[in-house]
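Here is what each chain is made of, one letter per residue.
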Amino acid sequence: MAPNLQKAFDTLERQRAQLAAMLKDVPADRYLKSTPGAWSLAQVISHLITSERLSLIYMRKKALGIDGFKDSGFRQAAVFVLLKISQRFPFRYKAPKAVVENTPDVVSREEAFAQWDKARQDLSNFLNSIADQHSRRLIFKHPVAGMLDVRQSVAFMYEHVRHHRQAQPEQDDMPQP
């Protein structure tokens, strides 16, 4: 894996391990309980997994023509900074229709994290297939920010988890990566 992708992926995995450790002792009824206008922890985890899976499907498809895509530049870097800032505020954003339509019913915490393990292994395999010179190719289309490169896509996954973690008040004591 390209060094910059490895670093981003390792950070993403540390974040997930911290989240799993934090949720390990949450009682099942609290994990599954939603309140009016807010998702349960189980729904948030399901949403994150679905978002990552769909992102990977898109990137795999685009990677088939990776030689024909441009590298990211100053514009994408600036847009990514704005996207990152937007994810750090507790504002609610409407999930993209494709994510909503493809998010399955919630499952147990154990099953959810097993699914996430599989999704992350698939992501790792994909990142291993990206040549170092292609890590800045614009192959992911964020619904608002537009095209991002592979590295920015992985960084967005981190920010997406962080955003949803902030939205859960009982998660405020989670250590920062």
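Because the structure is predicted, anything quoted here is derived from the model rather than measured.

Right, let's get into the overall build of the chain. The helix and strand tally for the chain stands at seven helices and two strands. For the chain, the succession of helices and strands along the chain, N to C, is α-α-α-α-α-α-β-β-α. Overall, the chain is about 50 × 30 × 30 Å in size when its C-alpha atoms are taken along their principal axes. Counting every position in the chain, which comprises 177 residues, the buried fraction comes to 42%.

What follows is about the pairing of strand 2 (residues 146–149). With four bridges joining them, strand 1 (residues 138–142) and strand 2 adopt antiparallel strand pairing. Paired with Phe140 across the two strands is Leu148, which belongs to strand 2.

So, on to the confidence of the model for the chain. Mean pLDDT over the chain stands at 87; residues scoring 70 or higher make up 94%. When mean pLDDT is taken per element in the chain, helix 6 (residues 109–129) scores highest with 95 and helix 5 (residues 97–102) scores lowest with 76.

In this section: the pattern of salt bridges. Across all of its chains, the model carries eight salt bridges by this definition. As a salt-bridge pair, Arg137 and Asp71 come within 2.7 Å of each other at their nearest N and O atoms. Taken as a pair, Arg137 in the loop between helix 6 and strand 1 and Asp71 in the loop between helix 3 (41–63) and helix 4 (74–87) lie far apart in primary sequence, 66 residues in all. Between Arg88 and Glu159 there is a salt bridge, with its nearest N and O atoms 2.8 Å apart. Here Arg88 is found in the loop between helix 4 and helix 5, whereas its partner Glu159 is found in helix 7 (residues 150–166), with 71 residues between them in sequence. Residue classification places Glu159 among the buried positions, given a relative accessible area of 4%. Connected through shared salt-bridge partners, Glu13, Arg16, Glu52, Asp117 and Arg120 make up one network.

What follows is about the packing of aromatic side chains. According to the stated counting rule, one finds two aromatic pairs in the structure shown. When the centroid spacing of 6.3 Å and the interplanar angle of 90° are considered together, the rings of Tyr58 and Phe140 count as edge-to-face. Remark: Phe140 occurs in strand 1 and Tyr58 occurs in helix 3; sequence separation between them is 82 residues. On the basis of relative accessibility, which here comes to 27%, the residue Tyr58 falls in the partly exposed class.

Another aspect to go through is the pairing of strand 1. Burial analysis of strand 1 places four of its five residues in the buried class, which makes it a mostly covered element. If you look at the hairpin formed by strand 1 and strand 2, you'll find three residues sitting between the two strands.

On to helix 1 (residues 3–23). With 21 residues, helix 1 extends 30 Å from end C-alpha to end C-alpha; this agrees with the ideal 30 Å at 1.5 Å per step. Turning to helix 1, its buried residues number three or more, namely Leu5, Ala8, Phe9, Leu12, Gln15, Arg16, Leu19 and Leu23. An end-on view of helix 1 places all buried positions within 120° of arc, on one side of the element. Those residues of helix 1 that are exposed and aimed more than 90 degrees away from the buried face are Pro3 and Lys7.

This next bit is on the layout of surface pockets. Any empty space left between the atoms is revealed when a probe the size of a water molecule rolls over them. Taken as a whole, the largest pocket holds about 1200 Å³ of empty space. Contributing to the lining of the largest pocket are 44 residues, with His47, Tyr93, Ala95, His160 and His164 lying nearest its centre. For the lining of the largest pocket, the elements supplying multiple residues, two or more each, are helix 3, helix 4, helix 5, strand 1 and helix 7. Of all the elements, helix 3 adds the most residues to the lining of the largest pocket, at eight residues. Among the residues forming the lining of the largest pocket, the class breakdown is 24 nonpolar, 14 polar and six charged. Approximately 360 Å³ is the volume attributed to the second largest pocket. Residue lining of the second largest pocket: 15 residues in total, with Ala8, Phe80, Lys84, Arg151 and Ala155 positioned closest to the centre. Residue assignment for the lining of the second largest pocket shows that the elements contributing at least two residues are helix 1, helix 4 and helix 7. Sorting elements by how many residues they give to the lining of the second largest pocket places helix 7 first, with six residues.

Definitions and cut-offs
- Residues numbered from 1 in each chain as written.
- Predicted model: local features only at pLDDT ≥ 70, side-chain atom pairs only at ≥ 80, totals over all residues.
- Heavy atoms only, no water.
- Helix = DSSP H or I, 4+ residues; strand = E, 2+ residues; numbered from the N terminus.
- Buried < 20%, exposed > 50% of the residue type's maximum accessible area, 1.4 Å probe, protein only.
- Pairing = 2+ DSSP bridges.
- pLDDT = per-residue confidence, 0-100.
- Salt bridge = Lys/Arg side-chain N within 4 Å of Asp/Glu carboxyl O.
- Phe/Tyr/Trp six-rings, centres within 6.5 Å; stacked < 30°, edge-to-face > 60°.
- Expected span 1.5 Å × (residues − 1).
- Arc of directions from axis to C-beta.
- 1 Å grid on protein atoms, 1.4 Å probe; cavity = no way out; pocket = protein on both sides within 12 Å on 5 of 7 lines; lining within 4 Å.
- Points joined across faces, edges and corners; volume = space filled by probe spheres on them.
- Nonpolar A, V, L, I, M, F, W, Y, C, P; charged D, E, K, R; others polar.

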